[in-house]
Amino acid sequence: GVKKNYKKVRSRVMTYDTENIFAKILRGEIPNTTVYENEYVLAFEDINPQAPIHILIVPKGPYTDMADFSLSAAGEEQVAFTKSISEVVTIAQLEATGFRAIANTGIDGLQEVPHYHLHILGGGPLGPMVNR
Ligand code: 5GP
């Protein structure tokens, strides 16, 4: 039932790899092109852009993916993260033309970097949502 599944999720082992590339970026060990930053969030340009505008929004806390963040991050971290989306969208001038937000997660989502990040893509037509 629902309760059983919920318990399963709560006890899921989330091992955060402190040597992942975004952890290094957050520690300043690897340079980045910052678009927006506040106490809880860093947004920077993707090194291998998949659209004319491709920005990654990253929480500064050690969360492996979107599900981990939504389960474990404090309320103020989650509010700051959500509000940073509008900051980035404004800075990148995406309001008028629109954008797509993607959070690749785990094996099926083909997540490469095990630190939660939201892709913001725009600046031109983006094609179908999912390749099949
Ligand atoms: P994922 O596949 O995990 O959703 O996305 C990881 C993203 O991080 C990819 O789009 C990749 O281009 C980007 N990326 C990987 N390494 C670096 C890096 O060192 N700097 C920046 N700015 N982006 C990176």
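Conventions used here
Residues numbered from 1 in each chain as written. Predicted model: local features only at pLDDT ≥ 70, side-chain atom pairs only at ≥ 80, totals over all residues. Heavy atoms only, no water. Phe/Tyr/Trp six-rings, centres within 6.5 Å; stacked < 30°, edge-to-face > 60°. Helix = DSSP H or I, 4+ residues; strand = E, 2+ residues; numbered from the N terminus. Buried < 20%, exposed > 50% of the residue type's maximum accessible area, 1.4 Å probe, protein only. Polar contact = N/O pair within 3.5 Å; in protein donor to acceptor, adjacent residues only side chain to side chain. Near = heavy atom within 4 Å. Areas by Shrake-Rupley, 256 points an atom, 1.4 Å probe, with all protein chains shown as cover. 1 Å grid on protein atoms, 1.4 Å probe; cavity = no way out; pocket = protein on both sides within 12 Å on 5 of 7 lines; lining within 4 Å. Points joined across faces, edges and corners; volume = space filled by probe spheres on them. Nonpolar A, V, L, I, M, F, W, Y, C, P; charged D, E, K, R; others polar. Pairing = 2+ DSSP bridges. Axes fitted to C-alpha atoms, helices over the stretch in contact; angles between N-to-C directions. Contact = heavy atoms within 4.5 Å. Core = buried A, V, L, I, M, F, W, Y, C linked by side-chain atoms within 4.5 Å.

Chemist: Just to check I follow, could you spell out the packing of aromatic side chains for this structure?
Modeler: We describe a pair of aromatic rings using the distance from one ring centre to the other and the angle between the two ring planes. Applying the stated criterion across every chain, the model contains five aromatic pairs. On the numbers, 5.4 Å between centres and 80° between planes, the contact of Phe-22 with Phe-44 is edge-to-face. Remark: Phe-44 occurs in strand S2 (residues 41-45) and Phe-22 occurs in helix H2 (residues 21-26); sequence separation between them is 22 residues. Each member of the pair Phe-22 and Phe-44 is classed as buried. With a centroid separation of 5.3 Å and an interplanar angle of 35°, the aromatic rings of Phe-69 and Tyr-116 are classed as tilted.

Chemist: How do you make sense of the environment of Glu-29 when you look at a structure like this?
Modeler: Looking at the element boundaries, Glu-29 is found in the loop between H2 and strand S1 (34-37). On the basis of relative accessible area, Glu-29 is assigned to the partly exposed category, the value being 47%. Here the side chain of Glu-29 touches Arg-27 through a polar contact of 2.6 Å, side chain to side chain.

Chemist: Whenever I open this one, the site of the ligand confuses me. Can you help?
Modeler: Among the 16 residues in the neighbourhood of the ligand, the closest are listed as Asp-46, Asn-104, Glu-112, His-117 and His-119. A distance of 2.9 Å separates a nitrogen atom of the ligand from a polar atom in the backbone of Glu-45. Within the side chain of His-119, one N or O atom sits 2.8 Å away from an oxygen atom of the ligand. Protein contacts shield 86% of the accessible area of the ligand, which totals 520 Å² for the unbound molecule.

Chemist: Help me understand the layout of surface pockets, please; the structure alone is not making it clear to me.
Modeler: Gaps left between atoms are located by rolling a probe of water-molecule size over the structure's atoms. Taken as a whole, the largest pocket encloses approximately 1100 Å³ of empty space. As for the largest pocket, its lining consists of 37 residues, of which Asp-46, Gln-50, His-54, Asn-104 and His-119 are closest to the centre. Those elements that provide at least two residues to the lining of the largest pocket are H2, S2, strand S3 (53-59), strand S4 (99-102) and strand S5 (118-122). Residues belonging to the lining of the largest pocket are distributed by class as follows: 19 nonpolar, 13 polar and five charged.

Chemist: I would appreciate a short explanation of the sheet that holds S1 in the present structure.
Modeler: Adjacent strands of a sheet pair through backbone hydrogen bonds, lying either parallel or antiparallel. The sheet built from five strands is open, its strands ordered S1-S2-S3-S5-S4 with antiparallel pairing. Strand pairing shows two members of the sheet lacking a second neighbour, S1 and S4, which therefore form its edges. Here the strands of the sheet are splayed against their neighbours by 20° on average, with no regard to which way each runs. By the bridge criterion, five bridges tie S3 to S5 in an arrangement that is antiparallel. Residue Leu-56 lies in a different strand from S5, and its bridge partner there is His-119. Sheet strands in contact with helix H4 (residues 75-91) are S1, S2, S3, S4 and S5, and its direction is about 160° off that of S3.

Chemist: Teacher, can you tell me more about the nonpolar core here?
Modeler: The tendency in soluble globular proteins is for nonpolar side chains to be buried side by side. Ranked by size, the top nonpolar core spans 18 residues in total, and within it Ala-43, Ile-55, Ile-57, Phe-81, Val-88 and Ile-120 carry the most contacts. When contributions to this core are tallied by element, the ones reaching two or more residues are S1, S2, S3, H4 and S5. It is H4 that contributes the most residues to this core, four residues altogether. Setting aside its immediate chain neighbours within four residues, Ile-55 contacts Val-35, Ala-43, Phe-44, Glu-45, Asp-46, Val-88, Ala-92, Leu-118, His-119 and Ile-120. Membership of the second largest hydrophobic core comes to seven residues, among which are Phe-44, Leu-56, Val-58 and Val-113.

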